[in-house]
Structure formats: structure tokens, C-alpha cells
Amino acid sequence: MMTAATATDEPTTHPTEGAALVDAVLGWYAEHARDLPWRAPGAGAWAVLVSEVMLQQTPVARVEPAWRAWMARWPTPADLAAARPAEVLRAWDRLGYPRRALRLQECARAIVAEHDGEVPADEAALLALPGIGAYTAAAVAAFAHGRRAVVLDTNVRRVLGRALEGRALPAPSLGRAERDRAAAYLPADAATSVRWNVGLMELGALVCTARAPRCDACPLLDACAWHAAGKPADEHAGRRRTQAWHGTDRQVRGRIMAHLRHHRQEWAAGEDLLVAGADGADPAALPDPGQPARALASLVGDGLVVADTGAHAGRFRLP
DNA sequence: AACACGGGGTA
DNA sequence: TACCCAGTGTT
């Protein structure tokens, strides 16, 4: 696949500088790679895909036990496709963003229906699956199938941004110029490109971290533009917004989902869910009394909660 | 381009 | 307390 950059004011490849960076990253990765289960030689494409979806915004430490239990229970796409969504959501537990769990099951069903139960290797085919975006499509193509792909997650963007451009942190949004630059540095050999991708991610996770980078342990120290410039501050600092959590609709949604995951009965009374969302207090006494009901309605809208429309209206359950 | 979307660990 | 984390889908 041709992924050449089209910028006219810069070369599209960086053979000398790029080769030195690649050697440094590959050498470091060979020495320091973590022994994660989805990297084991026997891990199949489905195992890799499941790990990548779980790792979307959830740290490795919390994903690992959930991934082991998940793969033991549903070792193939067909197994997950046949599961009850309520059990899928319970197994997802507290990994966060539970819509990912539903999309992962939709993804499994699409793989069964459209790809004979086999995880596709083509990046475009992967991108068409539910819950698979640009990052995950590239990651599965590379790590599950050994394909050459431009894998750009937050770690890779930070490492390349620092080493090549001297930026403390990547821009809030990924632009074409940044993607072209990453493509220009991707090794031509497929097997090498896979190790480059995973090596950059590992370097970003263990050494070139966002908060307190351990530059003394970095294999790219001598080549790093950010370090050479004296590690200037993040130029986008003023425009980044931290997401609120306490008192938000998201927190209330989480409480309702937690209640339903642990509820023994099939159906739960809406009143119980509203109280659960209000953290045990009377919803009417909240600063925003309508919040629990609004959160519950949004969960129903997302398909994470089902409302009984029959004779027992006012009762809810997991789908 | 901006938003909404969980939850917990760490400095 | 504030920030961060192997992003995705919608508006």
C-alpha cells in the first residue's frame, strides 16, 4: 500500500535519520518490552482485537485481568456473538465506557456475518467494523496480522511529537500533516514496521510518559528535539480542558449501570435506579433533580438499558 | 472541530 | 485535586 506523504516542502522519507531512530527503538524494545498476554506468540487475531478495544482509554493494568477472563469465556468471535448482552456488560465490569462492550459484541457479530468468523486483515475492512476506528484498525492490522500500518495512538503521537518536532504534547486533534510525517518514518519492511509501532507505544507508556518522562532512560535522548530545546512547556496547555467527573451525568450513568450489573432480579424498578443514580439519596433533593432520570433515559437511548414497555412499564434491565 | 462518554491510578 | 489513559461515534 502506498502511504507516501505528499508535502512538497519536506522529503517524503528520512532514510538516514529514520534508520537511526528505528534502530534505537527496536533495540530498546527488545530489551524492555512487557510480557503482556496478547503479545504471546499463541495469541490470535481475535485476542489482539479484544485487547485493543479494551485498551481504548483504559490502562493496561486494569485491562489485563478483564482480558484473561473475557478470552477464557468467549475465545472466538462466534462465542461472543452468541452471548447475552447483559452478560457481556457484566463481564465488562468497570473498564469504563460500557458502550465499547456492546460495540465489541456487534463487532463479533459482524465478523461472523461478513467475514466467516475470521478477523479481517485489511485495514479498510477493519475500519468498517463497529467500535473500530482509525487507531484500532491500524493496530489490529499490524499486531494481529503483521501488516504495515500507521499506528498513531496517544503514546506514538507524543513520542514522535517530542523527538521530531520538539513539542511537549501532541496537538489536540490529529491532522493530515502529522499522519503524513508518521507515515514517512514507518519502516518499509512489514515485520520491522510492526516492531517500530509497538516499540514506540511501549516507549511512550514506560519512558516518554506524559507527566514525568524518564529521559535518562530514553534510547532517543540524543536525537530528541524536545530534550535538545530544553523541554519547553505544552503550547496547547491553555486550550486543554480537564473533564469534570463529580456530579456529572457520566458519573450518574455509571452508578445506574453498576446497580444493574449487580442486581439479582431480571427487572429493576425505575425508582430504585433513580435513587442509585443519586448515590442513595433522594433524587428530588439534588441540585439538579432531573439528572438521574435524564441519565437513565440516555442509557436507554444508548441501548445499555432496556425499558419494559409492557404491563410492567417503569421497570428496567440490562439488554 | 467539538462533545460525550467511565473509572481508577498517580503525582 | 488535577491529570492521564493502546479512542470512537455523533453533531
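Criteria and cut-off values
The residue count restarts for each chain, going from 1 along the sequence in the order it is written. Key to labels: chains lettered from A, ligands numbered from 1, both in the order written. In keeping with the model being predicted, local features are shown solely for residues with a pLDDT of at least 70 and side-chain atom pairs are shown and tallied solely at 80 or more, while totals for entire chains, interfaces and linings include all residues. Hydrogens and waters are ignored; side-chain quantities use all the structure's heavy atoms. Computed over the protein atoms alone on a 1 Å grid, cavities are sets of points where a 1.4 Å probe fits but cannot get out and pockets are open sets with protein on both sides within 12 Å along at least five of seven lines; a residue lines them when it has an atom within 4 Å of a point. Grid points are joined across faces, edges and corners, and a volume is the space filled by probe spheres set on the points. The helix count covers DSSP runs of H or I at least four residues long, the strand count covers runs of E at least two residues long, and both are numbered beginning at the N terminus. Each residue receives one of three labels: charged for Asp, Glu, Lys and Arg, nonpolar for Ala, Val, Leu, Ile, Met, Phe, Trp, Tyr, Cys and Pro, and polar for the others, Gly being one of them. Side-chain atoms within 4.5 Å link the members of a nonpolar core, which is a set of buried Ala, Val, Leu, Ile, Met, Phe, Trp, Tyr and Cys residues. When accessible area is computed with a 1.4 Å probe and restricted to protein chains, residues below 20% of their type maximum are described as buried, those above 50% as exposed, and intermediate ones as partly exposed. Contact between two residues is taken to exist if any of their heavy atoms lie within 4.5 Å; hydrogens are not considered. UniProt positions are given in the numbering used here, feature names are shortened, and annotations may be inferred rather than shown by experiment.

Visitor: So what about empty space enclosed by the protein? Which residues, and what values?
Guide: For the coordinates displayed, the defined rule picks out three cavities of 30 Å³ or more. In terms of lining, the largest cavity is formed by 15 residues, of which the most central are R162, C208, C215, C218 and C224. Among the secondary structure elements, those contributing two or more residues to the lining of the largest cavity are α9 (154-165) and α12 (225-228). The element contributing the most residues to the lining of the largest cavity is α9, with three residues. Per-class residue counts for the lining of the largest cavity are 12 nonpolar, one polar and two charged. Roughly 50 Å³ of volume is contained in the second largest cavity. Surrounding the second largest cavity, V150, V151, L152, V156, L160, A182, L186, W196, N197 and L200 form its lining. When residues of the lining of the second largest cavity are traced back to their parent elements, those giving at least two are α9 and α11 (190-206).

Visitor: I'd like a description of the nonpolar core, backed by residues and values.
Guide: Residues W46, L49, W70, L104 and W196 are the most contacted members of the largest nonpolar core, which totals 82 residues. With sequence-adjacent residues up to four places away left out, W196 is seen in contact with L21, V22, V25, L26, L160, Y185, L186 and P187.

Visitor: Break down the UniProt feature "domain: HhH-GPD" (unreviewed entry) in chain A for me, with residues and values.
Guide: Per the UniProt entry, the sites bearing "domain: HhH-GPD" (unreviewed entry) are residues 54-206 in this numbering. Strand forms 0% of residues 54-206 and helix 65%; the C-alpha atoms that close the span are 19 Å apart.

Visitor: Give a description of helix α2 (residues 45-54) that names residues and reports values.
Guide: Across the 10 residues of α2, 10 count as buried, placing the element largely inside the fold. The complete set of buried residues in α2 reads A45, W46, A47, V48, L49, V50, S51, E52, V53 and M54. In this structure, the buried residues of α2 make contact with α3 (60-73), α4 (77-81), α5 (85-92), α6 (99-115) and α8 (134-143).

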